[in-house]
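Architecture and fold: a report
Read off the chains here:
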Amino acid sequence: MQRGKTHLFMCAFGVLALLLSGPANAGESGAATIEELVEYCKEMTSLSDLVPMIHPDDQATFGMGISLMGAFAPMMAIPDDATFEEQEALGNKLGAEFEALEAKHGLREPPEDMPGADSPEGMAMRARYMFEGVDVAAFVADMEEWLKEVAGDAMSGGGMPDLSELSADSFQVDGDVATGEMDGKPVELIRSDGRWYLKIDM
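1. A short note on the sheet that holds strand S3 (residues 185–192)
Spatial strand order, S1-S2-S3-S4: four strands in an open sheet with antiparallel pairing. The open sheet has two edge strands with one neighbour each: strand S1 (172–174) and strand S4 (195–198). Neighbour-to-neighbour, the strand axes of this sheet turn through a mean angle of 25°, independent of strand direction. For S3 and S4, the ladder comprises four bridges, and the chain directions are antiparallel. When the bridges of S4 are listed, Ile-190 appears paired with Tyr-197. Those strands touched by helix H2 (residues 34–43) are S1, strand S2 (177–182), S3 and S4, and its axis lies near 40° from that of S4.

What follows is the structure, encoded as structure tokens:
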């Protein structure tokens with residue numbers, strides 16, 4: 001089981017690093033200033049905390065990334081020494097739980113004729129379809145809890161980067177775009193309607 005937990009931790013951190021092509025504040029969406037955005041990011045304790053800070057156009061893409069984590073969780077959580085019958089039973093159980101969680105939040109399966117997820121444009125289109133009308137923050141929060149149940153300590157905040165040294169001064173501002181690094185990863189912020197947001201690409 002330990003190996004499965006380790007793999008899930010790596011998956012969680014990898015998805016977070018991939019999605020953070022930028023960060024942003026709490027309460028209302030976005031942040032009034034980069035300084036406010038940075039302070040929020042330093043205090044966040046979960047992936048769901050990010051959602052209000054992500055630009056509304058990108059929230060579905062973030063949700064899709066979390067959904068992918070959930071889709072892979074069952075096979076990662078199965079112990080290596082389990083028998084075939086045990087692996088099949090646990091895989092079916094966790095797979096059913098994952099599907100029920102997505103159904104609870106109203107996620108939709110993209111139609112077969114929709115462009116595939118092999119390009120950023122196709123990924124964004126599929127994400128918007130899947131998460132139309134969905135409360136992304138609520139979905140991510142439920143998914144986090146389920147992943148913790150599946151993987152134990154591997155998802156108990158372990159996927160969050162260390163942002164204690166993050167500083168607003170590290171961002172270079174060019175008009176409505178700011179670039180910098182978060183936990184050693186390049187990030188981009190954008191200003192829209194006077195608010196700063198995380199920019200997310202996949």
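That was the structure; now back to the text.
2. A short note on the nonpolar core
Membership of the largest hydrophobic core comes to 46 residues, with the highest contact counts inside it found for Phe-62, Phe-131, Phe-139 and Trp-146. Elements with a minimum of two residues in this core: H2, helix H3 (59–77), helix H4 (84–104), helix H5 (120–130), helix H6 (136–151), S2, S3 and S4. If we ignore the near neighbours within four places in the chain, the residues touching Phe-131 are Ala-60, Gly-63, Met-64, Leu-107, Val-136 and Phe-139.

3. Considering the packing of aromatic side chains
Inspection of every chain in the model, using the stated rule, returns two aromatic pairs. Both rings, one in Phe-131 and one in Phe-139, keep their centres 5.4 Å apart while their planes meet at 70°; by these two values the pair is edge-to-face. On the basis of relative accessibility, which here comes to 4%, the residue Phe-131 falls in the buried class. The lysine or arginine in question, Arg-108, covers the ring of Tyr-129, its NZ or CZ lying 3.7 Å from the ring centre.

4. Regarding a negative patch on the surface
A surface patch of negative charge is lined by Asp-81, Glu-85, Glu-86 and Glu-88. Summarising the element assignment, Asp-81 is placed in the loop between H3 and H4. Among the residues examined, Asp-81 registers a relative accessible area of 70% and is labelled exposed.

5. Examining a nonpolar patch on the surface
A surface patch of nonpolar side chains, about 290 Å² in accessible area, is lined by Leu-68, Phe-72 and Met-75. Inspection of the secondary structure assignment puts Phe-72 in helix H3.

Parameters at a glance
Residues numbered from 1 in each chain as written. Predicted model: local features only at pLDDT ≥ 70, side-chain atom pairs only at ≥ 80, totals over all residues. Heavy atoms only, no water. Pairing = 2+ DSSP bridges. Helix = DSSP H or I, 4+ residues; strand = E, 2+ residues; numbered from the N terminus. Axes fitted to C-alpha atoms, helices over the stretch in contact; angles between N-to-C directions. Contact = heavy atoms within 4.5 Å. Core = buried A, V, L, I, M, F, W, Y, C linked by side-chain atoms within 4.5 Å. Buried < 20%, exposed > 50% of the residue type's maximum accessible area, 1.4 Å probe, protein only. Phe/Tyr/Trp six-rings, centres within 6.5 Å; stacked < 30°, edge-to-face > 60°. Lys NZ or Arg CZ within 6 Å of the ring centre and 35° of its normal. Patch = residues over 30% accessible without salt bridge, like charges linked within 9 Å, V, L, I, M, F, W, Y side chains within 5 Å. Areas by Shrake-Rupley, 256 points an atom, 1.4 Å probe, with all protein chains shown as cover. Salt bridge = Lys/Arg side-chain N within 4 Å of Asp/Glu carboxyl O. Lys, Arg positive; Asp, Glu negative; His and termini not counted. Charge placed at Lys NZ, Arg CZ, Asp CG, Glu CD.

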